[in-house]
Amino acid sequence: MTGTLITVAPTGAESRKADVPALPVTLDELVSTAKECEALGASVVHVHIRDAAARPTLDRGRLRETVVALRESTGLIVQLSSGGAVTDPEADRLAVLDAAPEMASCTMGTVNFGDDVFLNRWEFIVDLHTRMQECGIVPEYEIFDLGQLTTLRRLLDKHGLPAGGHVHADLVMGVPGGMPGTAAALVACEQVIRDLPAGSTFSATGIGRSTLPVMLASLACGGHLRVGMEDTLTYAKGRPVESNMQLVARAVGFAQLAQRPPLTPAQARDLLGVPHR
Ligand code: KMH
Ligand code: ZN
């Protein structure tokens, strides 16, 4: 087993700054969070940005500025979310790629998302995947349900390997409407991931209460970790998360206990097929 890839997803599109004051929403807050998380052991940052009123946005200028600032200030692999918020139109989600991130997320299907629907049509998935191939952007395939791994297999069979040649999936577990955040569900996914091209890897994140079981199960199964305030706002019963760094530090601790210490950003680039800077 290799070391552990730790991705931090510091912001997301779902929580309001007014409800979660520790959420990084400005560029300065995002950059300082990213730097601190890198120092602790994160190697990838999964980025959603906010506008001046702290609302989720896919504004192209802001996305570009964010990519440049994160690249200048950190060695992290910069992964933009192409998922955005459930209300974002497909054209804006595709245009995220114009900000030239090193990686971008690419969700493998439609899922009920609480009271909303996170829409990902097959044709849109193909557009995202092929544009990323053309632009040399390495995808992280977001998986909210078991069948989306079969969609990933179909995508690769019909449209070829991603930029960099390596397949990496992220299991987003415990979304109300998606697969449960349990060890059993993670093991079921891991069995299907074995049918993907040799050497394919996965990380996992459990929303809310499923954070810890998913983290422990992923480490036990050779998977990697995504943590952050996009997914987790409660550290322990009755204790709100204080910062993204608190979540990264906990993940680093578990990874070390599992004798799978965090990968450096350079090692993460080798694993994921992301070019070195
Ligand atoms: N905010 C969700 C609707 C992604 O970043 O690609 C989508 C999401 C997945 O978080
Ligand atoms: Zn996201």
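Above this note sits the structure.
Bear in mind the structure is a predicted one, so any value in this text is a computation, not a measurement.

Criteria and thresholds
- Residues numbered from 1 in each chain as written.
- Chains lettered and ligands numbered in written order.
- Predicted model: local features only at pLDDT ≥ 70, side-chain atom pairs only at ≥ 80, totals over all residues.
- Heavy atoms only, no water.
- Near = heavy atom within 4 Å.
- Polar contact = N/O pair within 3.5 Å; in protein donor to acceptor, adjacent residues only side chain to side chain.
- Areas by Shrake-Rupley, 256 points an atom, 1.4 Å probe, with all protein chains shown as cover.
- Donors = N, O, S within 2.8 Å, 3.2 Å for Na, K, Ca; no water.
- Helix = DSSP H or I, 4+ residues; strand = E, 2+ residues; numbered from the N terminus.
- Buried < 20%, exposed > 50% of the residue type's maximum accessible area, 1.4 Å probe, protein only.
- Salt bridge = Lys/Arg side-chain N within 4 Å of Asp/Glu carboxyl O.
- Phe/Tyr/Trp six-rings, centres within 6.5 Å; stacked < 30°, edge-to-face > 60°.
- Lys NZ or Arg CZ within 6 Å of the ring centre and 35° of its normal.
- Pairing = 2+ DSSP bridges.

S.K.: How should the site of ligand 1 be read in this particular structure?
M.R.: Lining the immediate surroundings of ligand 1 are 13 residues, of which Glu-14, Ser-81, Gly-84, Ser-105 and Glu-230 lie closest. At 3.1 Å, a side-chain N or O of His-48 approaches an oxygen atom of ligand 1. Take Gly-84: an N or O atom from its main chain is 2.8 Å from a nitrogen atom of ligand 1. The fraction of the free accessible surface of ligand 1 (300 Å²) that becomes covered by protein chains is 98%.

S.K.: Sorry, what's going on with the coordination of the zinc ion (ligand 2) here?
M.R.: In a perfect tetrahedron of four donors around a metal, the angles come out at 109.5 degrees. In a perfect octahedron of six, they are 90 or 180 degrees. Here the zinc ion (ligand 2) is held by the protein donor atoms His-46 (NE2), His-48 (NE2) and Glu-230 (OE), which lie 2.1 Å from it. Read from N- to C-terminus, the donor residues coordinating the zinc ion (ligand 2) fall into the pattern H-x1-H-x181-E. Here Glu-230 lies in the loop between β12 (224-227) and β13 (234-236) and His-48 lies in the loop between β2 (44-47) and β3 (49-50), a separation of 182 residues in the sequence. Exposure remark for Glu-230: the relative accessible area of 17% places this residue in the buried category.

S.K.: I'm lost on the pattern of salt bridges in this one. Help?
M.R.: It is possible for side chains bearing opposite charge to pair when their charged atoms get close. Counted according to the given criterion, the structure contains 15 salt bridges. Where Lys-17 meets Glu-29, a salt bridge forms, and the shortest distance between an N and an O atom there is 3.5 Å. Linking Lys-17 in the loop between β1 (6-8) and α1 (27-40) with Glu-29 in helix α1, this pair joins segments that are twelve residues apart in sequence. Note that Arg-226 is salt-bridged to Asp-170, the shortest N-O span being 3.5 Å. Of this pair, Arg-226 sits in strand β12 while Asp-170 sits in strand β10 (residues 168-173), and the two are 56 residues apart along the sequence. Take Arg-226: its relative accessible area is 5%, and that puts it in the buried class. A network of salt bridges, in which partner residues are shared, links Glu-142, Asp-170, Arg-226, Glu-230 and Asp-231.

S.K.: Looking at this structure, I do not really get the packing of aromatic side chains. What am I missing?
M.R.: By convention here, two paired aromatic rings are described through the distance between centres and the angle between planes. Inspection of every chain in the model, using the stated rule, returns three aromatic pairs. Judged by centre distance (5.7 Å) and plane angle (75°), the ring pair of Phe-118 and Phe-144 falls under edge-to-face. Of this pair, Phe-118 sits in strand β8 (residues 116-118) while Phe-144 sits in the loop between β9 (138-143) and α5 (147-159), placing them 26 residues apart in sequence. On the basis of relative accessible area, Phe-144 is assigned to the buried category, the value being 6%. Ring pairing ties together the aromatic residues Phe-113, Phe-118 and Phe-144, which thus form one cluster. The side chain of Arg-154 reaches across the aromatic face of Trp-122, ending 4.0 Å from its centre. The lysine or arginine in question, Arg-250, covers the ring of Tyr-235, its NZ or CZ lying 4.1 Å from the ring centre.

S.K.: Can you help me understand the pairing of strand β5 (residues 77-80) in this one?
M.R.: Remember that side chains alternate between the two faces of the sheet whenever the strand is regular. Burial along β5 is two-sided: Ile-77 and Gln-79 and Val-78 and Leu-80, pointing in opposite directions, are all buried. When β2 meets β5, the two strands line up parallel, connected through four bridges. What sits directly across from Val-47, in β5, is Leu-80. One ladder, built from two bridges, connects β5 with strand β6 (residues 103-107); its direction is parallel. Directly across from Gln-79, in β6, lies its bridge partner Met-103.

Function-wise, these values are silent; they only describe arrangement.
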